[in-house]
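# Geometric and topological summary
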Amino acid sequence: MCFGLCMIAGAPALAAPDGTLSIAVSTGTPALGDPVVVEVTASGAVDNLVVRWKGAAWPMRETAPGRYEGLIGVDIEESVGPAVVGAEGFLDGARVRAEAKVTISPRKFPVQELTLPKGMTEFDDATLGRIRAEAAELSRRFSRVTPPRWRTPFLPPVEEYRPANFGARRVINGDPRMPHSAVDIHLPEGTPVRAIADGRVAFAGEQFFGGRSVVIDHGGGVFSVYYHLREFSVTEGQETPRGDRIGSVGATGRATGSHLHFGVRVPGGRVDPTRLFALPGR
Ligand SMILES: [Zn+2]
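Read on for an overview of the structure. (Residues numbered from 1 in each chain as written. Predicted model: local features only at pLDDT ≥ 70, side-chain atom pairs only at ≥ 80, totals over all residues. Heavy atoms only, no water.)

## Focus on the side chain of arginine 141
Which entries qualify depends on this criterion: Secondary structure is summarised from DSSP: a helix means a run of H or I of at least four residues, a strand means a run of E of at least two, and numbering begins at the N terminus for each. Polar contacts, as used here, are pairs of N or O atoms within 3.5 Å; protein pairs need one atom able to donate a hydrogen and one able to accept it. Residues neighboring in sequence count only if both atoms are side-chain atoms. A contact between two residues is defined here by any heavy atoms of the two lying within 4.5 Å.
On the secondary structure map, arginine 141 appears in helix H2 (residues 125-142). Here the side chain of arginine 141 touches glutamate 236 through a polar contact of 2.8 Å, side chain to side chain. In this view, arginine 141 contacts Ala202, Phe203, Phe223 and Glu236; residues no more than four positions away in its chain are not counted.

Put into structure tokens, the structure is as follows:
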């Protein structure tokens, strides 16, 4: 499949001819919730190289001279069908770009019917105000773009990683709700939780739904989210090396039992963390 320049799905980008970029993606047919590694090769150093996806641009990371890597993803509510991944920057003073076509494929998610007491599903105006303010504040933090610090392989946040519920279409007391954009990992209170990659704490605080919550910015638009913690041991702005303990599993916030609600957001949206851990390391 060619689109100006050739895309080789699942293979490293070929060396690019002088003055051009070449692009490759880890899969040409990503499903809903899939992360996609984008690799760019150039005949020289590219200035201000960005990956373009879903109408926005994020910085890419140099992995070797003339070789760059980015991470994007297909949101769990994205529409299926053809899409284009682009890369562009400046090479020897001239603007250069490359594009790869992908086809977003569907994925079946489980439907989860829950019956909860009214107090857990209906909120007064003050609570609704708090919920909206917290969501807006988190969106602001997710929109900040910092230089990429993540690298593969990512590390599962708990030793016994047994994910459940990713993408579940929830029906609560008969009403369809937002899909569950993370995984739930049921573990005893106090189980250590660790950072899945190098990063910096973008949020550490108490939320209505998430309870004690931590968000780590791994750069390049990649964030990891940890909710319902019994306690957290990091503060906003703190550096968190991959594998560092950031807190422990709990049941704070709107949780029906002790578990870690763990999510990953990449450029493009909310992806399945389990598929992130399956990405090959380098
Ligand atoms: Zn959850």
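Anyway, onward from the coordinates.
## Some details on the coordination of the zinc ion
Tetrahedral coordination by four donors places them ideally at 109.5 degrees to one another around the metal; octahedral coordination by six donors ideally gives 90 or 180 degrees. Keep this limit in mind: Sites may look incomplete, because water is not among the atoms used; the donor set itself consists of N, O and S atoms within 2.8 Å of the metal (3.2 Å for Na, K and Ca). Partly exposed describes any residue whose relative accessible area lies between the buried limit of under 20% and the exposed limit of over 50%, with all areas from a 1.4 Å probe on protein chains only and scaled to the type maximum.
For the zinc ion, the full set of protein donor atoms is His180 (NE2), Asp184 (OD) and His261 (ND1), and the range of their distances to it is 2.1 to 2.2 Å. Taken in sequence order, the residues that donate to the zinc ion follow the motif H-x3-D-x76-H. In this pair, aspartate 184 sits in strand E15 (residues 183-185) while histidine 261 sits in strand E22 (residues 260-266), placing the two residues 77 residues apart along the sequence. Of the residues examined, aspartate 184 reaches a relative accessible area of 5% and is grouped as buried.

## Concerning unusual backbone geometry
Omega for the bond connecting threonine 152 with proline 153 falls within 30 degrees of zero, at 0°, which places this linkage in the cis form. If you trace the backbone, proline 153 turns up in the loop between H2 and strand E12 (163-164). At lysine 54, a residue that is not glycine, the phi angle is positive and equals roughly 55°. Among the secondary structure elements, lysine 54 is positioned in the loop between strand E5 (46-53) and strand E6 (56-59). According to the relative accessible area criterion, lysine 54 is partly exposed, its value standing at 40%. With a phi close to 65°, histidine 228 is a non-glycine residue in the positive phi region. On the secondary structure map, histidine 228 appears in strand E19 (residues 223-232).

## Observations regarding the pattern of salt bridges
Threshold: Here a salt bridge means any side-chain nitrogen of Lys or Arg lying within 4 Å of a carboxyl oxygen belonging to Asp or Glu.
According to the stated counting rule, one finds 22 salt bridges in the structure shown. Across the pair arginine 162 and glutamate 160 runs a salt bridge whose closest N-O atoms are separated by 2.7 Å. For arginine 200, the salt bridge is made with glutamate 239, and the minimal N-O distance between the two is 2.7 Å. Taken together, the positions of arginine 200 in strand E17 (residues 199-207) and glutamate 239 in strand E20 (residues 239-240) put the pair 39 residues apart, joining distant regions of the chain. Judged by relative accessible area, arginine 200 falls into the partly exposed class, the value being 39%. Owing to a relative accessible area of 41%, glutamate 239 belongs among the partly exposed residues under this scheme. Through salt bridges with shared partners, a single network forms among Asp34, Arg107, Asp272 and Arg275.

## Some thoughts on the sheet that holds strand E14 (residues 175-176)
The condition that has to hold: Any two strands between which DSSP finds at least two bridges are classified as paired.
The three strands lie next to each other as E11-E13-E14, forming an open sheet whose pairing is mixed. The open sheet has two edge strands with one neighbour each: strand E11 (111-114) and E14. Relative to E14, strand E13 (residues 169-172) runs antiparallel, the two being bridged by two bridges. Directly across from isoleucine 172, in E14, lies its bridge partner aspartate 175.

## Some words on the nonpolar core
Convention followed: Residues grouped as a nonpolar core are buried Ala, Val, Leu, Ile, Met, Phe, Trp, Tyr and Cys residues, joined through side-chain atoms within 4.5 Å.
Counting 60 residues, the largest nonpolar core has Tyr226 and Phe262 as its most contacted members. Core analysis: the second largest hydrophobic core is formed by eight residues, Leu138, Phe142, Phe223 and Val225 among them.

## A closer look at the pairing of strand E8 (residues 67-73)
Within E8, six of the seven residues are buried, leaving the element largely enclosed by the surrounding structure. Pairing of strand E4 (residues 35-42) with E8, which is carried by seven bridges, proceeds in the antiparallel orientation. From the neighbouring strand, proline 35 faces E8, where its bridge partner is glycine 73. By the bridge criterion, three bridges tie strand E7 (residues 61-64) to E8 in an arrangement that is antiparallel. The residue of E8 that forms the bridge with alanine 64 is arginine 67.

## A look at the packing of aromatic side chains
Condition: Only Phe, Tyr and Trp rings are paired, with Trp represented by its six-membered ring, and only when their centres lie within 6.5 Å; those with planes under 30 degrees apart are stacked, over 60 edge-to-face, the remainder tilted. Two conditions define a charge located above a ring, namely a distance within 6 Å from the ring centre to NZ of Lys or CZ of Arg, and an angle within 35 degrees of the ring normal.
A complete count under the given rule lists nine aromatic pairs for this structure. Relative to phenylalanine 209, the ring of phenylalanine 123 has its centre 5.9 Å away and its plane inclined at 80°; by these criteria the two rings are edge-to-face. Placement of phenylalanine 123 in the loop between helix H1 (118-121) and H2 and of phenylalanine 209 in the loop between E17 and strand E18 (211-217) is noted, with a sequence separation of 86 residues between them. Taking the centre distance of 5.5 Å and the plane angle of 40° together, the rings of tyrosine 226 and phenylalanine 262 count as tilted. On the criterion of sequence distance, the pair formed by tyrosine 226 in strand E19 and phenylalanine 262 in strand E22 is long-range, its members being 36 residues apart. Here tyrosine 226 and phenylalanine 262 have matching classes, each one buried. Its end group placed over the ring of tryptophan 53, lysine 54 keeps NZ or CZ at 5.2 Å from the ring centre. Its guanidinium or amino end placed over the ring of tryptophan 150, arginine 61 lies 5.0 Å from that ring's centre, counting from NZ or CZ.

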